[in-house]
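Geometric and topological summary
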Amino acid sequence: MSAARPSAASGLDRCDAVLEMVGGRADAIVAAGRGVTALTRFANSAIHQNVAEDNTYVYLKVIVDGQYAAATTTQTDAVALGRLVERTIAAARLRPADPDWPGLAPSAPTAPVEHWDDETAAASPDSRAAVVKWFVDAGAGLESAGYCATNGMWVATANSAGQRVASRHTSATIDGIHRTGSSDAAASSTSVRLSELDGAAAGAAAATRARASAEAIDLDPGVYEVVLSPSCLANMLQFLASAGFNAKAHLDGTSFVHLGEQQFDTSVSLWDDAIDPRTIGLPFDHEATPKRRVDLVRNGVTERVVHDRRTAAKAGVASTGHGLGQESFGAYPTNLFFGEGTGTQDDLIATMDRGLVVHDFWYTRILDPKTQVVTGLTRNGVFLVEGGKVGPAVRNLRFTQSFVSALGPGKVKAISADARLVGTMHVPSVHLAAWNFTGGAKG
Amino acid sequence: MFDLAGAAVESALAAGATYADVRVMVMRTEGMSARNGVIEGLRQSESAGLGVRALIGSSWGFFATPVLDRASATAAGEEAAAIAKASTMVSGPATRMAADPGGATEAHWQSTWIEHPIDDVGLSEKGDLLVEVTKRINDAGVALADASYAIWDTEKWLVSSEGHRISQRIVECGAGMSATAIGDGETQRRSYPGIRGQYGTSGWEIIRKIDLLGNADRIASEASALLQAPQCPSGTTDLILGSEQLALQIHESVGHAIELDRILGWEAAYAGTSWLELEKLGTLQFGSELMNITADATLPGALGSFGYDDEGTPAQRVDIVTGGKWVGVLSGRDSAAHAGLETSGGMVRADGYNRLPMVRMTNVGLHPGNSSLEEIIAATDDGIFMDTNRSWSIDDKRLNFQFGCEIAWEIKNGERTRMLRNPTYTGISPTFWGGMDMIGNESEWTFWGTPNCGKGQPTQIGHTGHPSVPARFRNVRVGVQG
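Since we're looking at a predicted model, the values are computed, not measured.

**Some remarks on the overall build of chain A**
Per the secondary structure count, chain A includes 10 helices and 19 strands. Relative to the 2.2 N^0.38 estimate, which gives 22 Å for 443 residues, the radius of gyration of chain A is 23 Å and therefore close to what a compact globule would have. When the backbone C-alpha atoms are referred to their principal axes, chain A occupies close to 70 × 50 × 40 Å. Here chain A holds 443 residues, and 63% of them are scored as buried. Nonlocal contacts in chain A, meaning residues at least 24 apart in sequence, comprise 72% of its contacts between residues at least 6 apart. Only carbon and sulfur atoms are counted for the fraction: they give 51% of the accessible area of chain A, which is about 15100 Å². The positive charge centre, built from 39 side chains, and the negative charge centre, built from 46, are 3 Å apart in chain A.

**Observations regarding the overall build of chain B**
Looking only at helices and strands, chain B features 10 helices and 23 strands. At 23 Å, chain B has a C-alpha radius of gyration in line with the 23 Å of a compact globule built from 482 residues. Within chain B, buried positions represent 67% of all 482 residues. Counting contacts in chain B only where the partners sit at least 6 residues apart, residues at least 24 apart contribute 75% of the total.

**Some words on the packing of aromatic side chains**
All told, the structure shown has 30 aromatic pairs over all chains when counted by the stated rule. Here Phe245(A) and Phe256(A) contribute two aromatic rings whose centre-to-centre distance is 5.5 Å and whose plane-to-plane angle is 85°, an arrangement assigned as edge-to-face. Taken together, the residues Phe245(A) in the loop between α6 (230–243) and α7 (247–252) and Phe256(A) in the loop between α7 and β8 (270–272) connect sequence positions 11 residues apart. Judged by relative accessible area, which is 1%, Phe245(A) ranks as buried. Between Phe401(B) and Tyr425(B) the ring centres are 6.0 Å apart and the planes differ by 70°, which places this aromatic pair in the edge-to-face class. Taken together, the residues Phe401(B) in strand β17 (residues 400–412) and Tyr425(B) in strand β19 (residues 424–428) connect sequence positions 24 residues apart. Residue classification places Phe401(B) among the buried residues on the basis of a relative accessible area of 0%. Ring-pair connections join several aromatic residues into one group, and the members of that group are Phe401(B), Phe403(B), Tyr425(B), Phe432(B), Trp433(B) and Phe473(B). We note Arg379(A) situated over the ring of Trp362(A); from NZ or CZ to the ring centre the distance is 4.3 Å. Residue placement shows Arg416(B) over the ring face of Trp409(B); its charged tip is 4.7 Å from the ring centre.

**Re helix α2 (residues 78–94) of chain A**
End to end, α2(A) covers 25 Å across 17 residues, agreeing with the expected 24 Å (1.5 Å per residue, within 8%). Measuring from the backbone nitrogen of Val79(A) back to the side-chain oxygen at the start of α2(A) gives 3.1 Å, which picks out Asp77(A) as the cap.

**Some thoughts on the interface of chain A and chain B**
At the junction of the two partners, chain A supplies 79 residues and chain B supplies 75 residues. Across the chain A to chain B interface the summed buried area is about 6500 Å²; carbon plus sulfur atoms make up 51%. At the boundary of chain A and chain B, one finds 8 salt bridges. Salt-bridge contacts for Glu53(A) lead to Arg355(B); the nearest nitrogen and oxygen are separated by 2.8 Å. At the surface where chain A touches chain B, the tally comes to 48 residue pairs in polar contact (both at pLDDT 80 or more). Tallying contributions element by element places strand β2 (residues 46–64) of chain A first for the side of chain A that touches chain B, with 11 residues. Partitioned by chemical class, the residues of the side of chain A that touches chain B number 32 nonpolar, 26 polar and 21 charged. Judged from the 5 bridges that link them, β2(A) and strand β3 (residues 59–65) of chain B form a sheet pairing that is parallel. Residue pairing for β3(B): Ala52(A) is matched across the bridge by Phe63(B).

**With respect to the sheet that holds strand β11 (residues 317–322) of chain B**
All names here are of chain B. Overall, antiparallel pairing links the 4 strands, which are arranged β12-β11-β10-β15 in an open sheet. Of all the strands in the sheet, just β12 (325–326) and β15 (364–366) have a single pairing partner and so form its edges. Across 4 bridges, the pairing between strand β10 (residues 293–296) and β11 is antiparallel. The residue of β11 that forms the bridge with Ile-293 is Val-321.

**Considering the environment of Glu215(A)**
Within the secondary structure, Glu215(A) sits in the loop between α5 (199–212) and β7 (222–228). Separated by 123 residues in sequence, Glu215(A) and Phe338(A) place their C-alpha atoms 34 Å apart.

**What to know about empty space enclosed by the protein**
Here the idea is plain: a probe the size of a water molecule rolls over the atoms and shows the empty space left. All names here are of chain B. Scanning the model with the defined rule gives 7 cavities of 30 Å³ or more in all. Space inside the largest cavity adds up to approximately 130 Å³. Taken together, 14 residues line the largest cavity, and the ones lying closest to its centre are Ile-195, Arg-196, Glu-244, Gly-449 and Thr-450. Among the elements of the structure, α6 (243–255) and β21 (446–455) are those that each provide at least two residues to the lining of the largest cavity. Per-element tally for the lining of the largest cavity: the top contributor is β21, with 4 residues. Class assignment for the residues of the lining of the largest cavity results in 6 nonpolar, 6 polar and 2 charged.

**Topic: the environment of Glu30(B)**
Tracing the sequence through the fold places Glu30(B) in strand β1 (residues 19–35). A polar contact is formed between the side chain of Glu30(B) and the side chain of Tyr149(B), at a distance of 2.6 Å.

**Comments concerning helix α4 (residues 125–137) of chain A**
When the terminal C-alpha atoms of α4(A) are compared, their 18 Å separation across 13 residues agrees well with the 18 Å that a helix rising 1.5 Å per residue should span. All of the buried residues in α4(A) are Pro125(A), Arg128(A), Ala129(A), Ala130(A), Val131(A), Val132(A), Phe135(A) and Val136(A).

**Remarks on the domain arrangement of chain A**
Residues and elements named next belong to chain A. The domain boundaries assigned to chain A delineate domain 1 (8–206) and domain 2 (216–443). Computed over C-alpha atoms, the centres of domain 1 and domain 2 are 25 Å apart. Listed as interface residues are 35 residues of domain 1 and, on the opposing side, 26 residues of domain 2. Of the roughly 2400 Å² buried between domain 1 and domain 2 on both sides combined, carbon and sulfur atoms contribute 59%.

**Looking at the layout of surface pockets**
Reported here for the second largest pocket is a volume of approximately 870 Å³. If you go around the second largest pocket, you meet 33 residues; those closest to its centre are Ser182(A), Ser183(A), Arg395(A), Asn396(A) and Lys397(B). Secondary structure elements with two or more residues in the lining of the second largest pocket: β13 (373–386) of chain A together with α7 (260–263) of chain B. Sort the elements by how many residues they give to the lining of the second largest pocket and β13(A) lands first, with 5 residues. Of the residues contributing to the lining of the second largest pocket, the split by class is 11 nonpolar, 11 polar and 11 charged.

**Side note on the pairing of β11(B)**
Across a regular strand the side chains alternate sides, sitting on one face of the sheet and then on the other. Residue and element names in this part refer to chain B. Strand direction decides the pairing type here: β11 and β12, joined by 2 bridges, are antiparallel. Among the inter-strand pairings, Thr-322 is bridged to a residue of β12, identified as Lys-325. Here β11 hands over to β12 after 2 residues, with Gly-323 in that stretch at a positive phi of 60°.

**As for the packing of helix α1 (residues 2–14) of chain B against helix α2 (residues 70–86) of chain B**
All names here are of chain B. It is the contact of α1 with α2, at a shortest axis distance of 7 Å, that shows an interaxial angle of 35°. Relative to α2, α1 is oriented so that their crossing is right-handed. Packed against α1, whose contacting residues are Asp-3, Leu-4, Ala-7, Ala-8, Ser-11 and Ala-12, the element α2 presents Arg-70, Ala-73, Thr-74, Gly-77, Glu-78 and Ala-81 at the interface. Here the contact of α1 with α2 is built from residues that sort into 6 nonpolar, 3 polar and 3 charged.

**Topic: the packing of helix α3 (residues 123–139) of chain B against helix α5 (residues 212–228) of chain B**
Residue and element names in this part refer to chain B. Packing of α3 against α5 leaves a shortest axis separation of 8 Å and a crossing angle of 25°. Between α3 and α5, the crossing angle belongs to the class labelled roughly parallel. Crossing handedness for the pair α3 and α5: right-handed. The residues of α5 that touch α3, namely those facing Leu-129, Glu-132, Val-133, Arg-136 and Ile-137, are Leu-212, Leu-213, Ala-216, Asp-217, Ile-219 and Ala-220.

**Section: the environment of Ser391(B)**
Here Ser391(B) is to be found in strand β16 (residues 382–394). What makes Ser391(B) buried here is its relative accessible area of 1%. When the C-alpha atoms of Ser391(B) and Glu406(B) are compared, they prove to be 8.6 Å apart, with 15 residues separating the residues in sequence. For Ser391(B), the residues in contact, after removing those within four places along its chain, are Arg365(A), Ile366(A), Leu367(A), Gln402(B), Phe403(B) and Gly404(B).

Thresholds, definitions, all that
- Residues numbered from 1 in each chain as written.
- Chains lettered and ligands numbered in written order.
- Predicted model: local features only at pLDDT ≥ 70, side-chain atom pairs only at ≥ 80, totals over all residues.
- Heavy atoms only, no water.
- Helix = DSSP H or I, 4+ residues; strand = E, 2+ residues; numbered from the N terminus.
- Rg over C-alpha atoms; globule rule 2.2 N^0.38 Å.
- Buried < 20%, exposed > 50% of the residue type's maximum accessible area, 1.4 Å probe, protein only.
- Contact = heavy atoms within 4.5 Å.
- Areas by Shrake-Rupley, 256 points an atom, 1.4 Å probe, with all protein chains shown as cover.
- Lys, Arg positive; Asp, Glu negative; His and termini not counted.
- Charge placed at Lys NZ, Arg CZ, Asp CG, Glu CD.
- Phe/Tyr/Trp six-rings, centres within 6.5 Å; stacked < 30°, edge-to-face > 60°.
- Lys NZ or Arg CZ within 6 Å of the ring centre and 35° of its normal.
- Expected span 1.5 Å × (residues − 1).
- Polar contact = N/O pair within 3.5 Å; in protein donor to acceptor, adjacent residues only side chain to side chain.
- Buried area = accessible area lost by both parts, 1.4 Å probe.
- Salt bridge = Lys/Arg side-chain N within 4 Å of Asp/Glu carboxyl O.
- Nonpolar A, V, L, I, M, F, W, Y, C, P; charged D, E, K, R; others polar.
- Pairing = 2+ DSSP bridges.
- 1 Å grid on protein atoms, 1.4 Å probe; cavity = no way out; pocket = protein on both sides within 12 Å on 5 of 7 lines; lining within 4 Å.
- Points joined across faces, edges and corners; volume = space filled by probe spheres on them.
- Domains from an automatic or database assignment.
- Axes fitted to C-alpha atoms, helices over the stretch in contact; angles between N-to-C directions.
- Left-handed = near helix turned anticlockwise from the far one by under 90°.
- Parallel < 35°, antiparallel > 145°, perpendicular 65-115°, else oblique.

Encoded structure:
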């Protein structure tokens, strides 16, 4: 790959150079990132789009007497960085002062953790193609589609209050489907290390389920027990996180969160922890605040929300290190862990008298953030379970369901112990007492 | 820039590519958002770089770099070809390129604007507008008031191994606002002009035209009233959709379904496929005989307009549905060749220098009919009028959809009666479109802009346009409850 090898030192040097250009004219925070992101995409069982980029950026936010502005550039020569500094200072001076400006993050150390693998950072298109080939070959006679991606990024952040942090992270993912003429099924795997991806195993899992789904039946909509695969639970957590555990939503009054109340089943515990070696990402947020574990739900009781510096100042607490640099959105827990139970997904299915096992959700959209009522569809495999045994495949169904109430007191019948990484969330399968399916393939 | 791009093309060809093209792009963006009288975000960005697309066998190899010098351009060309070669480990039938109906062109095209939204309008004026409208909404008694604008100024230079040398500059912008009233158990929001605002290929004049201040009091009072309004009843009824909601319906259930890359299975794992089968092109009845839809990249001011697509094909107007019959698709040169079409539809775009161009909607819109909205309401004995999108969900074949709107009114004996909250409707695409029996006239025709259409891996955000009018649909299931 042609991109030069970046480092923490070179990233911090770039941040320092920009801070020097700002000088005493303003307070400032600078982030510099550099790395290679690559994605090998396949469809109709062949690689058709194969992309990579030298990913470089500099982000600058300046604050002049409570007035601030932010800007980014992909150009890192001295002339371009000088233009970035002058333009951003000029913009800050033209906007009204922000009465809620919380100040810069103070100097504080980050946890000594790196979610990094040298081989993954330097992965070649051949190594990604090999993983794809294993996935495709595992479904002989079927059509396959999906991608294998590798990423390796360095990120350094420094501010004029003396905070200087830098780290690096890698990730690798194989995510694909196998298709019969009448059914699709998916499997995926994500890791810090490309070498840990088993394309053949993922391909075999998708192929087996696709074949089993080929003769699907129609099922009447209604309320059913469900076993949800980790990808479904991860989908649910995105809504709970962005519209619920986000302190901005909580402060605005649009969140479902009632701190200290038993809002979930006693078996539910949920926390965010970017330091855990099982996850991926950086140990600090966009504002350079070190990340630390935050328990959001413990034994069903909602305990905390996540903050950036703005919401923390409003609430009179310290930032939890979950700022995204988007004040209008608020804070987001990027590395969620859903507490595990016992057994496997198969064990959960074995205890279900009658219900559905769902492997993916699709096109989920929230109808109201406060009730967390969401509509969406099933995808990539739904099966009827009777007497604890997996029966026929079912055609995709539409649901309209409150995600909070689905996990509410008395609603979680079991949680598996075989959690895995879905994106940046570590999630198991769950057996829920009721799920509201509101439509079938015919509407 | 042409020379840099040319160097990258030459190096890709020298490394074994049978075809190569290069886009150099320089993009400036600006966005500001306000909440309750306070500017919460002001962000500007400047991105520049080049992306090389090299074809070997069945696969595109693509490499992008932000470093705009000759050595980096040459290296990027070599890298793109090397990536394409690696794809041969899992290869398919050779990719071919359909003809570009414009031929290998040397040209320049620029969109039009009266007030450049970054250079001619000061940040202070723009910030004052957002602060004032959000304060106005708060003063009307609503707890949460939001307003924002976004601007894109894109310059790009395309060089291909077939001789294209095309430069373009496209300026786009738009704005919107919302009022969110918070009740005990739920929230109610009213947005204006649409769920995200209104966007076009235009200068700041589009934002002056939509008159945010003049509509702030109305959306505030409607948001408050919705908290007290009765729930939308469940059942099957005649449904009238406002033009903004119908624009999203067109986007989701027509626009994505007619993307040729989806029909060919290239997006199967992520965005999905389509219920449309190519062998039925020209014969399938997509909707009622009143349904006429085109994809028109030449509409002045619409968000999906441009001079040339990112393969250098000139902007075109393509018939998609005529008299209810499915007659056209959205295509690029490779997808058109795979489908056996003679020429590209000129609908391939990338959202930055670092992304591979792919099939995107242009301005996919419904042609007007003969009725005003008031005439449609007057002709309806028993129905519901819904307006302004609140939520959207549709399956991976673009068949089974469920939409929520911000507001609705019951229609009884030709008159708009009580307001209804939490309106939703659901259906199956061809059945729904087959039930369309009244369409708004030309005076109601609005070119809605959608600036956030996600597609592809890595994800790209497309800007699409949707000319739309109000329309009536018979026997639609409404009021789906959670």
